[in-house]
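Chain by chain, the residues run as shown.
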Amino acid sequence: MKIALIVFLSLSLVFATKFSSKYHTTAELNEELESLSRSCSFLSLSNASENPQIKEVSINRNQNKKYRAYILFGEHPRELISPESGIHFLNDLCYEKNDQKNKQILDDFELRLILNANPVSRQKVEGGEYCLRENENGVDINRNYDAHWEKVQDDVRQVTSGPNPFSEPETRAVRDSLKAFNPDIFLTVHSGTLGMFTPHAYSTDAAEHNEDKMMDILNDISGKYCPSCDVGVASQAIGYLAPGSCVDYAYDELKIRYSFAFEIYHGSINLEEQLKSRQHSSFLQLTGQEQQTKNRKFQHNNNHSCFLQTSSKYDMSKEECFDYFNPDSSQYDWYVQNWTEAYQEMLLKLVQEEQS
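Just so you know, these numbers come straight off a predicted model, no measurement behind them. (Residues numbered from 1 in each chain as written. Predicted model: local features only at pLDDT ≥ 70, side-chain atom pairs only at ≥ 80, totals over all residues. Heavy atoms only, no water.)

## Description of the overall build of the chain
Move 1: The helix and strand inventory of the chain stands at 13 helices and 8 strands.
Move 2: Sorting the 356 residues of the chain into buried and exposed places 58% on the buried side.
Move 3: A sequence separation of at least 24 residues applies to 80% of the contacts in the chain between residues at least 6 apart.
Move 4: Summed over all atoms, the accessible surface of the chain reaches about 14600 Å², with 48% contributed by carbon and sulfur. (Helix = DSSP H or I, 4+ residues; strand = E, 2+ residues; numbered from the N terminus. Buried < 20%, exposed > 50% of the residue type's maximum accessible area, 1.4 Å probe, protein only. Contact = heavy atoms within 4.5 Å. Areas by Shrake-Rupley, 256 points an atom, 1.4 Å probe, with all protein chains shown as cover.)

Take a look at the structure:
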């Protein structure tokens, strides 16, 4: 009994240490958002949902803004790096507002962000349930949108779709927020692989409208910030159909012309490989060979993407799950900075595409 207790306490300490090294708790995320709202006159907070409480961030410095951007973080609670990249992006906008990129974004865009879209399960992850993908009702909220929805009951792979579309308070909150805001661009951020995807997830069909411009944006970003990323139609990249996703809902139902899903971390690809890929990409750009890589075949380096969970939640230990979906403290700073720059580039590239 004593040995079992010692083992339990040791594991709990490992998990707590791993989580607290860099990552925010839900309470800390909310505190930082409150602090930002006091420091930045152009940033305000509201609740997209009261129960569970889902905070929505609004950024609007220029009343004559031309574009609206919506970014969704934290749909799957185990993907802690997603909200971490979001809070870093917000800090950069607020405290580096005179940076040329940020200045242009603040001049051209009104933004809405949800940083923690699955707060109840997120707190369970903070307590050590590092493999948890679903919400408090056992539903994968990225299968619960009314976009080519199909009923799926798969508790082992954690891809249960719920009894009907928008059965979950989290997806209803995002739906209502998106409809009220009516953005020009939508992005959802995940981890578990490296990829930058366009619609569709429910079928192998590419987006009917604006696909070329969306791909121009993704090819530009991937070359600079994620050369290891699979880029293109979501279902083709993951090799599987995923009905009921938010990216298809944004594109097909709300007609948001630029709709993307980013996967920003893959536990089996270390930072050294990422840096080598970026150096190689820079070499290709300098030598004019980059275009040859843009239409590359998908590597299918993912098996835990936001769309598909091909293996059981019992395949990995809790600690293995944390490491698979989230960089450790030695890599954390690089990832949040890299993806902050990628989000900035995405927005600036949209302006270029619209003006071309």
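## Things to note about the confidence of the model for the chain
Move 1: A residue-level look at the chain finds 80% of positions with pLDDT of 70 or above and a mean pLDDT of 86.
Move 2: Scored below 50 in pLDDT, residues 4-12 makes 0 contacts in the model with residues more than four places away or belonging to other chains.
Move 3: Within the model, pLDDT remains below 50 along residues 308-313, and this stretch shows 22 contacts once partners closer than five positions in the same chain are excluded. (pLDDT = per-residue confidence, 0-100.)

## Things to note about the UniProt feature "active site" (unreviewed entry) in the chain
Move 1: With numbering aligned to this structure, UniProt lists the feature "active site" (unreviewed entry) at Glu263.
Move 2: Mapped onto the secondary structure, Glu263 falls in strand β8 (residues 258-265).
Move 3: By relative accessible area, Glu263 is classed as buried at 0%. (UniProt positions renumbered as here; feature names shortened; annotations may be inferred.)

## A short note on unusual backbone geometry
Move 1: Along the chain, Asn51 connects to Pro52 via a cis peptide bond; the corresponding omega equals 0°.
Move 2: Tracing the backbone shows Pro52 in the loop between β1 (43-50) and β2 (53-59).
Move 3: Here the bond from Pro199 into His200 is cis, since omega is 20°, no more than 30 degrees from zero.
Move 4: With respect to the element layout, His200 can be found in the loop between β6 (193-198) and α7 (211-225).

## Thoughts on helix α2 (residues 26-39)
The α-helix winds at 3.6 residues per turn, so residues separated by three or four positions along the chain end up facing the same way.
Move 1: Relative to the 20 Å expected for 14 residues at 1.5 Å per residue, α2 spans 20 Å between its end C-alpha atoms, a close match to the ideal helical length.
Move 2: Within α2 the residues assigned to the buried category are Thr26, Leu29, Leu33 and Leu36. Around the axis of α2, the buried residues are gathered within 85° of arc, so they sit on the same side. Summarising the geometry of α2, the exposed residues directed more than 90 degrees from the buried face are Glu31 and Arg38.
Move 3: Residues of α2 that are buried in the fold lie against β1, β2, α3 (81-95) and α5 (119-126). (Expected span 1.5 Å × (residues − 1). Arc of directions from axis to C-beta.)

## Side note on the packing of aromatic side chains
Move 1: In this structure the tally under the stated criterion is 18 aromatic pairs.
Move 2: Arranged with centres 5.9 Å apart and planes meeting at 65°, the rings of Phe73 and Tyr343 form a pair that is edge-to-face. Placement of Phe73 in strand β3 (residues 67-73) and of Tyr343 in helix α13 (residues 329-355) is noted, with a sequence separation of 270 residues between them. The two residues Phe73 and Tyr343 agree in class, both being buried.
Move 3: Above the face of the Phe166 ring, Arg175 is positioned so that its terminal group lies 4.8 Å from the ring centre. (Phe/Tyr/Trp six-rings, centres within 6.5 Å; stacked < 30°, edge-to-face > 60°. Lys NZ or Arg CZ within 6 Å of the ring centre and 35° of its normal.)

## Concerning helix α4 (residues 100-108)
Move 1: Looking at α4, one finds that the buried residues are Asn102, Ile105, Leu106 and Asp108.
Move 2: If you follow the buried residues of α4, they end up packed against β2, β3, α3, β4 (109-114) and α13.
Move 3: The N-terminus of α4 is capped by Asp99, whose side-chain oxygen sits 3.0 Å from the backbone nitrogen of Lys101. (Polar contact = N/O pair within 3.5 Å; in protein donor to acceptor, adjacent residues only side chain to side chain.)

## Details of the side chain of Asp220
Move 1: As for its placement among the helices and strands, Asp220 is situated in helix α7.
Move 2: Its relative accessible area of 18% is what places Asp220 among the buried residues.
Move 3: Once residues lying within four places of it in the same chain are set aside, the contact partners of Asp220 are Glu345 and Lys349.

## Details of the pattern of salt bridges
Move 1: Tallying each qualifying case throughout the model produces 16 salt bridges.
Move 2: In this structure, Arg112 engages Glu110 in a salt bridge whose closest nitrogen and oxygen atoms are separated by 3.8 Å.
Move 3: Judged by its relative accessible area of 18%, Arg112 is buried.
Move 4: On the accessibility criterion, Glu110 (9% relative accessible area) is buried.
Move 5: In the salt-bridge network here, residues are joined through shared partners; they are Glu56, Lys65, Arg68, Glu110 and Arg112. (Salt bridge = Lys/Arg side-chain N within 4 Å of Asp/Glu carboxyl O.)

## Overview of the state of the cysteines
Cysteine pairs can be covalently joined through their sulfur atoms, and such a bond is termed a disulfide.
Move 1: Scanning the model with the defined rule gives 3 disulfides in all.
Move 2: The disulfide partner of Cys226 is Cys229, and the S-S distance across this bridge is 2.1 Å. Residues Cys226 and Cys229 are joined by a disulfide whose S-S torsion is about 85°; by sign, that bridge is right-handed.
Move 3: A residue is classified by how much of its surface remains accessible, and Cys226, at 0% relative accessible area, is buried.
Move 4: Look at Cys229 and you get buried, because its relative accessible area is 0%.
Move 5: Shown here for the chain is a disulfide pattern of 1-2, 3-6, 4-5, where each number marks a bonded cysteine counted in sequence order. (Disulfide = S-S within 2.5 Å.)

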